[in-house]
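Next come the chains, spelled out residue by residue.
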Amino acid sequence: QQPVQSPQAVILREGEDAVINCSSSKALYSVHWYRQKHGEAPVFLMILLKGGEQKGHEKISASFNEKKQQSSLYLTASQLSYSGTYFCGTESVGGSEKLVFGKGTKLTVNP
Amino acid sequence: DTAVSQTPKYLVTQMGNDKSIKCEQNLGHDTMYWYKQDSKKFLKIMFSYNNKELIINETVPNRFSPKSPDKAHLNLHINSLELGDSAVYFCASSQGSGAITDTQYFGPGTRLTVL
């Protein structure tokens, strides 16, 4: 079951904040966040695990609400380099150890 | 140093041809993956291998056949290419047994265009 990301796209000015959401209809074991710049490979940002453990990027924060099967990625004081498409990948509880990715959120940061 | 590499970067071919994409990782990881990203940017897993053993095989046409000669390499062979196979194919690797708590490192991608 593919997670749903929102918004689909967001445009910011440098220094502004953004929140990207990811929700699933299934109970989740983990949520992974990746950023992909145009023509490049997805790059790991963060993993959030059931139970509260997190692993990831120092300058990016995220939350995982296990009860609501939702995760949010918080981008504060955005920089031009934050531009790209953000994907969440989810693993469901009892799933087959594979990541199912959302359709992505395109973030554009302008000067 | 390149962590996950793929060749070729671009592949343009005619319908009906057979082609291969190669992937190598020098991270010492035990698990490797193939993903397909379509024109709408939808990223979907195709296969995963752990120590040369097939772990995940999604509902992929059997024209696609992965081969892992050793744990550092995972190649993808595609027979009888169709227009719908046009996409960017990403190889990825992760440490350990493929548990989803492991970070996946993606290769640069191979853009396949079928004419």
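To keep things clear, this report deals only with the structure shown in the data block.

### Some thoughts on the pairing of strand S4 (residues 28–36) of chain A
Residue and element names in this part refer to chain A.
Move 1: Extensive coverage of S4 is indicated by the burial of eight of its nine residues.
Move 2: Pairing between S4 and strand S9 (residues 84–92): eight bridges, direction antiparallel. The residue of S9 that forms the bridge with serine 30 is glutamate 91.
Move 3: Alignment of S4 against strand S5 (residues 42–49), held across seven bridges, turns out to be antiparallel.

### Section: the sheet that holds strand S3 (residues 18–23) of chain A
Residues and elements named next belong to chain A.
Move 1: The strand order across the open sheet formed by four strands is S1-S3-S8-S7, and the pairing between neighbours is antiparallel. The open sheet has two free edges, formed respectively by strand S1 (4–6) and strand S7 (61–65), since each of these has just one partner strand. Pairs of neighbouring strands in the sheet enclose a mean axial angle of 15 degrees, with direction left out of account.
Move 2: Note: S3 against strand S8 (residues 70–75), six bridges, orientation antiparallel. Across the sheet, the residue bridging to serine 23 is glutamine 70, located in S8.

### Brief notes about the state of the cysteines
Two cysteines form a disulfide when their sulfur atoms are joined by a covalent bond.
Move 1: All told, the structure shown has two disulfides over all chains when counted by the stated rule.
Move 2: Through a disulfide, Cys22(A) is tied to Cys88(A); the S-S separation comes to 2.0 Å. The disulfide joining Cys22(A) to Cys88(A) has a torsion of about 75 degrees about its S-S bond and is therefore right-handed. Note that Cys22(A) is positioned in strand S3 and Cys88(A) in strand S9, a separation of 66 residues in sequence.
Move 3: Given the relative accessible area of 2%, Cys22(A) is considered buried.
Move 4: Using a relative accessible area of 0% as the deciding quantity, one classes Cys88(A) as buried.
Move 5: Residue pairing for Cys23(B): its cysteine sulfur links by disulfide to Cys91(B), the two sulfurs lying 1.9 Å apart. For the disulfide bridge between Cys23(B) and Cys91(B), the dihedral angle about the S-S bond is near -75 degrees, and by the sign convention the bridge is left-handed. Taken together, the positions of Cys23(B) in strand S3 (residues 19–25) and Cys91(B) in strand S9 (residues 87–94) put the pair 68 residues apart, joining distant regions of the chain. Each of the two residues, Cys23(B) as well as Cys91(B), counts as buried.

Definitions and cut-offs
- Residues numbered from 1 in each chain as written.
- Chains lettered and ligands numbered in written order.
- Predicted model: local features only at pLDDT ≥ 70, side-chain atom pairs only at ≥ 80, totals over all residues.
- Heavy atoms only, no water.
- Buried < 20%, exposed > 50% of the residue type's maximum accessible area, 1.4 Å probe, protein only.
- Helix = DSSP H or I, 4+ residues; strand = E, 2+ residues; numbered from the N terminus.
- Pairing = 2+ DSSP bridges.
- Axes fitted to C-alpha atoms, helices over the stretch in contact; angles between N-to-C directions.
- Disulfide = S-S within 2.5 Å.

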